[in-house]
Each structure stands twice: as C-alpha cells, then as structure tokens.
Amino acid sequence: MVAHLPRAPPASSLPLSRVWREIQGSNNWENLIDPLSPILQQEITRYGNLLSASYKGFDLNPNSKRYLNCKYGKKSLLKESGIHDPDGYQVTKYIYATPDININPIQNEPNRARWIGYVAVSSDDSVKRLGRRDIVVTFRGTVTNPEWMANLMSSLTPARLDPHNPRPDVKVESGFLSLYTSSESESKFGLESCREQLLSEISRLVNKYKDEDMSITLAGHSMGSSLAHLLAYDIAELGLNKRRGEKDVPVTVFSFAGPRVGNLGFKKRCEELGVKVLRITNVNDPITKLPGFLFNENFRALGGVYELPWSCSCYTHVGVELTLDFFDVQNISCVHDLDTYISLVNRPRSSKSTVAEDNFGSNFFNKTSQMMFPKGQRRALRLRNAATKAAYLIGSVSNHMMYCNIF
C-alpha cells in the first residue's frame, strides 16, 4: 500500500507571514497571477498606497518654502497621506534626485535636487503580520520639467555600477541612469546622488536588522519604476543583500506603469542576481511600451530562435507581468494614473473600462485593409496604424499630465 503525503496548501490560503517569500516572487509568482491571489492582490494594493504618499507629499507650490520638497515631516508623512495603518512603517529617510539637465533659460525652473520618495522600515508590531522586517523604498513618477527632459534621453549606455566589474554589456537608458547617479555637484553643500543616499541608508538598515528575516521591497510608478529597477540591480550587483551562510535578502520590485529600463544584458543580469520584478501594466498605457516601441524584446530573434545582430541594442522588459485593461476616452490620462492602477487591481480581472468606439475602429480598419490591400501591405499598414495610435496616446497622455503635473 502506497502512502500518499498530504499536499501542501496553496500559498493563497495561508497567512502572509507563512508565504511572504512567494508573495515577494521567490517562485516568480507562479500560480499567483491568473487568477490573482487575494494575498498578492492585497500586497500590491498596500505597496501602491505606500507609493502614493510620494505624490501626496510632494510640494509643487512655487511660493512654498518647501517647494520641490516634501510637505510633511518623516513622522507624519504616512498619516497625512491617508495611509491605512500609518504606524505599520516608520519613514527613516527622504530621498532626493538631481536631473543632470539645465533648462533654466527656457523654463526658469531651478535645477536642484527634488524630493522623489522615501525609505521606510516595518514596525515591530507589523513584523509579526508580515513575517519579516520589510525595508521599503518608494519612487514617484515624473513631475517637473527637468525630469521630463531626463525621460527623453532614450539612448542605451553601460550601467557600470560595480567598479570592480563594469559589465559593459549591461546597458540601461541614459536619462534614468543620470537621474539615479547625478548629484548637486555645483554646490559645496550639495546633496549626494540619489544612488549614494539610497545605498547608504539601505546598508545601515540591513546591518541594523541583520539577525532578522528581512525583505527589500522597491515600489515605483512610471519614471519611479525605472529608478526602482536600477536600485534593485545595484543592491544585488554590489551584494548588499547577501548574508554569509544564510539565504540572501530578497529584493523585489513592484512596478506600476513602468517603462523599459535596459537591454537584454540588463534583464539577464537581474535574473542571475535573483532580482524579482512584478510589472503591473495597462495594455492601453503607452508609457509601458517605451522606450523601444519598435525595437524591443519582440524583435530580438528571428522565428524565436536566431538572435538578430541588433538584439543587444533592444530595450527589454524585466520580470513577470500582471496585465490590466482599461481606457477612458473622456480622460485619457487615466491609462497611466497610479490611483486608477490601484483601483483596477481590486476589480474582477474580467472587468474592463474600454471604449467601444476604439474597438470598432480597429475592427473596421482590419476588415477594410483585407479587402483593399495584399497581405504584405496589410502588415505594413497594421504597424503604421499601431504606431500612429501609440503616438496619439503618448502625445495625449504626456500633454495632459504635463499640464496637470502628475506624470
């Protein structure tokens, strides 16, 4: 008689304290995405809300003494931002980034460091529920004009974050890298770079809680997602999450509406280092298709087998994707809005906020092109139609968000 061992219960039926490693991506979120695990859904929402404080706290009033800084002190930020259970985390450091671009002659906007997010650590009480000490870093998206200019620097450049092993094949978008590594060099008392601030604080916290189970969680929206990718790679490449004789501290990125950050070399190195990335995307959000709208991971190989010569120069997404689908013709910017992303995560996956006219237009285009053009020309027309639609969306979203200062 063969004895059958009882099956382990699925991760979604256990408390977070028992399955936190799976929720942080230890198994690449296998069997947790479709259908979406209630615990994962809860954690995506929680990190999204913590991330939203990076927007709610940012002071954009030019007449304010705190202009381009946080409106609140570290002890009150989460409470003032309306975060549920604000005592669950303590904010330990504010993070500032300096765009290495001077547009003062055009916009008369100071090119100085601006508040971009914060570092926080879970409280003693929340450790019991979370199952570990959680270090969180949040990054808001683009808001100011110099940040917009940094986004437009879409050339790939070697990251070279490890001085002992530059790895020239690991390339990232130059604008994001500049924002991550630039400091206020013009000022004698200027701030360190975003990178230096972060590595210093994370090293301090990892050492402080070295005897506890721990996770490092990075949450970013739009441009902030790119900084989260860079920091995750940086931490793992430098070995800041390594523990002698023990498991490495998991490094996880929750990316909301994030663009591509680097090339195939960057993606492969992140995977080798064990960096986990969950990308929450909207199929109608053009930002998630940039940079590399045409030359990306889908154009690297011929027939999925033969690597093409330009594959190393193609932008490539990292990680696992959780796809949402929403669109509102009356408010185009909602396709990229963080609050909309968070609310959609909590709706049934089958529900879509799409526009019937948009689908009708696509179907009409497909039918008429079949009747009027040969097969080869139809493919070219489909690509041109897709490019035109993407350009329209990008322009509409960008213009609306620059006007509202929310991208």
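The chain goes by Fungal lipase-type domain-containing protein in an unreviewed UniProt entry, where it is assigned to Brassica carinata. Looking at the chain in UniProt, the text filed under Sequence similarities (unreviewed entry) is "Belongs to the AB hydrolase superfamily. Lipase family." Word for word, the UniProt comment on the chain under Catalytic activity (unreviewed entry) is "a 1,2-diacyl-3-O-[alpha-D-galactosyl-(1->6)-beta-D-galactosyl]-sn-glycerol + H2O = acyl-3-O-[alpha-D-galactosyl-(1->6)-beta-D-galactosyl]-sn-glycerol + a fatty acid + H(+)".

Two orientations exist for strands paired in a sheet by backbone hydrogen bonds: parallel and antiparallel. The strand order 1-2-3-6-7-9-13 describes an open sheet built from 7 strands, whose pairing is mixed. The outermost strands of the open sheet, each flanked by one partner alone, are strand 1 (89-97) and strand 13 (320-324). Between one strand and the next, the sheet's axes are offset by a mean angle of 15°, whatever the strand orientation. Pairing between strand 9 (residues 276-282) and strand 13: 5 bridges, direction parallel. Its bridge partner lying in strand 13, I280 is registered against L322. Those strands touched by helix 9 (residues 223-238) are strand 2 (114-122), strand 3 (133-139), strand 6 (214-221), strand 7 (251-256) and strand 9, and its axis lies near 150° from that of strand 6.

By the criterion of burial, strand 7 is predominantly enclosed, with 6 of the 6 residues buried. Of the two faces of strand 7, the one lined by V251, V253 and S255 and the one lined by T252, F254 and F256 are each fully buried. One ladder, built from 6 bridges, connects strand 6 with strand 7; its direction is parallel. From the neighbouring strand, T217 faces strand 7, where its bridge partner is T252. Regarding the hand of the β-α-β motif, the stretch spanning strand 6, helix 9 and strand 7 is right-handed. Bridge count for strand 7 against strand 9 is 5 bridges, and the pairing is parallel. Bridging across to strand 9, F256 finds its partner in I280.

Glancing now at the pattern of salt bridges. When the charged atoms of two side chains lie near each other, side chains of opposite charge can form a pair. Per the stated rule, a full pass over the model turns up 13 salt bridges. Residues R195 and D234 are paired through a salt bridge, measuring 2.6 Å at the closest nitrogen-oxygen approach. On the criterion of sequence distance, the pair formed by R195 in helix 8 (residues 194-208) and D234 in helix 9 is long-range, its members being 39 residues apart. Where E272 meets R269, a salt bridge forms, and the shortest distance between an N and an O atom there is 2.9 Å. Pair noted here: E272 and R269 are both in helix 10 (residues 264-273), with a separation of 3 residues, about one helical turn. Note on E272: relative accessible area 58%, which makes it exposed. Classification of R269 by relative accessible area gives buried; the value is 14%. When salt bridges that share partners are traced, they join R167, E237, R269 and E272 into one network.

A few words now on helix 9. For helix 9, with 16 residues, the first-to-last C-alpha span of 23 Å sits near the 22 Å given by 1.5 Å per residue. Among the 16 residues of helix 9, 15 are classified as buried, and the element is accordingly described as predominantly covered. Immediately downstream of helix 9, the backbone of G239 shows phi near 75°, a positive value.

About the criteria used
- Residues numbered from 1 in each chain as written.
- Predicted model: local features only at pLDDT ≥ 70, side-chain atom pairs only at ≥ 80, totals over all residues.
- Heavy atoms only, no water.
- UniProt positions renumbered as here; feature names shortened; annotations may be inferred.
- Pairing = 2+ DSSP bridges.
- Helix = DSSP H or I, 4+ residues; strand = E, 2+ residues; numbered from the N terminus.
- Axes fitted to C-alpha atoms, helices over the stretch in contact; angles between N-to-C directions.
- Contact = heavy atoms within 4.5 Å.
- Buried < 20%, exposed > 50% of the residue type's maximum accessible area, 1.4 Å probe, protein only.
- Right-handed = clockwise from strand over helix to strand, strands pointing away.
- Salt bridge = Lys/Arg side-chain N within 4 Å of Asp/Glu carboxyl O.
- Expected span 1.5 Å × (residues − 1).

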